[in-house]
Amino acid sequence: VIVAGHNTPIELTDNMQVASGGQGTVYAKGDVAYKIYHEPKFLIPESKIKELSVLTLPNIIKPQAMLKDEHGSKLIGYTMRYLQNTQFMPPLFTKDFRQRKRITKDTVLKIILKMREVLIHAHSHNILLVDLNELNWLLSQKLDEVFAIDVDSWETSGHKATALMDSIRDRHAPHAHFTQGTDWFSFAIVAAQLFVGIHPY
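Summary of the structure given here. (Residues numbered from 1 in each chain as written. Predicted model: local features only at pLDDT ≥ 70, side-chain atom pairs only at ≥ 80, totals over all residues. Heavy atoms only, no water.)

Closest axis-to-axis distance for the helix 3 (residues 105-124)/helix 4 (residues 180-196) pair is 10 Å, and the angle between their directions is 170 degrees. With respect to each other, helix 3 and helix 4 are oriented roughly antiparallel. The residues of helix 4 that touch helix 3, namely those facing Val108, Leu109, Ile111, Ile112, Met115, Arg116, Leu119, Ile120 and His123, are Gln180, Asp183, Trp184, Phe187, Val190, Ala191, Leu194 and Phe195. A per-class count over the contact of helix 3 with helix 4 returns 13 nonpolar, two polar and two charged. (Axes fitted to C-alpha atoms, helices over the stretch in contact; angles between N-to-C directions. Helix = DSSP H or I, 4+ residues; strand = E, 2+ residues; numbered from the N terminus. Parallel < 35°, antiparallel > 145°, perpendicular 65-115°, else oblique. Contact = heavy atoms within 4.5 Å. Nonpolar A, V, L, I, M, F, W, Y, C, P; charged D, E, K, R; others polar.)

This is the structure we're talking about:
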């Protein structure tokens, strides 16, 4: 692949793959992650990367530069900061994990407050998270840091949101009409799951 603005190709191999989802595959080399989309229809435009660049919280893992194919002729993804030694949020919903890690209610509250910081920061720039489900957050091994991922799907002034998990959708909101209120609704669902271990509905 070639990072936009650079000429030197970067070779990504299978053993560098760290995750794969519905839209693309993520590779990591050094402290840089490379997200390559499965299909061109998922690709975010460069203008959206510019709109997301106003986000300055270090725990928001936003797109940084566009990625081109090996010939430099076709856009295929983007780069972002690579996080090592992190884990997904869902294990925190289980009693066994909490007991094994000796997770207290204070630990859970600190995680929720850090998520809240992300929402407040994004909203202050008129950006909506929309799909802030539990799989779009990473936690440090010590559970003292929370990172927002899949930021490319967030809604900016010039680009609509591109994803929403049904389990956190506000069913009282008009279809595909998202607001800060719908973000807070989704946030409350995940926060409730963190506090009690099960989905509130």
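It is worth spelling out the pairing of strand 6 (residues 75-81) at this point. For strand 6, a buried count of five out of seven residues is recorded, marking the element as mostly surrounded by other parts of the structure. Hairpin connection from strand 5 (residues 65-68) to strand 6: six residues lie between these consecutive antiparallel strands, with Gly72 at a positive phi of about 75 degrees. (Buried < 20%, exposed > 50% of the residue type's maximum accessible area, 1.4 Å probe, protein only. Pairing = 2+ DSSP bridges.)

Relative to the elements of secondary structure, Asp96 occurs in helix 2 (residues 95-101). In this structure Asp96 comes out as exposed when scored by relative accessible area, which is 54%. When the C-alpha atoms of Asp96 and His123 are compared, they prove to be 35 Å apart, with 27 residues separating the residues in sequence.

Our focus in this paragraph is unusual backbone geometry. In this structure, Asn85 is a non-glycine residue whose phi angle is positive, near 55 degrees. Relative to the helices and strands, Asn85 resides in the loop between strand 6 and strand 7 (86-88). Phi angles above zero are rare outside glycine, and Leu143 is one such case at about 60 degrees. Here Leu143 shows up in the loop between strand 8 (137-140) and strand 9 (146-148).

Looking now at the packing of aromatic side chains. Summed over the entire model, instances satisfying the criterion amount to three aromatic pairs. Between the aromatic rings of Tyr37 and Tyr78, the centroid separation amounts to 6.1 Å while the plane-to-plane angle is 55 degrees, which identifies the pairing as tilted. Taken together, the positions of Tyr37 in strand 4 (residues 32-37) and Tyr78 in strand 6 put the pair 41 residues apart, joining distant regions of the chain. On the accessibility criterion, Tyr78 (1% relative accessible area) is buried. Measuring from ring centre to ring centre gives 6.4 Å for Phe185 and Tyr201, while their planes differ by 10 degrees; the resulting arrangement is stacked. Highlighted residues: Phe185 in helix 4 and Tyr201 in the segment after helix 4, separated in sequence by 16 residues. A relative accessible area of 23% places Phe185 in the partly exposed class. (Phe/Tyr/Trp six-rings, centres within 6.5 Å; stacked < 30°, edge-to-face > 60°.)

On to the pairing of strand 5. As defined by bridge partners, strand 1 (residues 2-3) adjoins strand 5 across two bridges and the pair is classed as antiparallel. Along strand 5, the bridge assignment pairs Val3 with Leu67. Direction of pairing for strand 5 relative to strand 6: antiparallel, over a ladder of four bridges. Directly across from Met66, in strand 6, lies its bridge partner Tyr78.

For the rest of this paragraph, the subject is the sheet that holds strand 4. Read from one edge to the other, the open sheet built from six strands follows the order 1-5-6-4-3-2, with strand pairing classed as antiparallel. A single partner strand is all that each edge strand has here, and the edge strands are strand 1 and strand 2 (17-20). Here five bridges tie strand 4 to strand 6, and the two strands are oriented antiparallel to one another. Each bridged residue has a counterpart across the sheet, and for Ala33 the counterpart in strand 6 is Met80.

As a further point, take the sheet that holds strand 7. The sheet built from three strands is open, its strands ordered 7-8-9 with antiparallel pairing. Of all strands in the sheet, those with a lone pairing partner are strand 7 and strand 9, marking the two edges. Going across the sheet, the axis of each strand differs from the next one's by a mean of 35 degrees, ignoring polarity. Bridge count for strand 7 against strand 8 is three bridges, and the pairing is antiparallel. When the sheet's bridge partners are listed, Thr86 is paired in strand 8 with Ser140.

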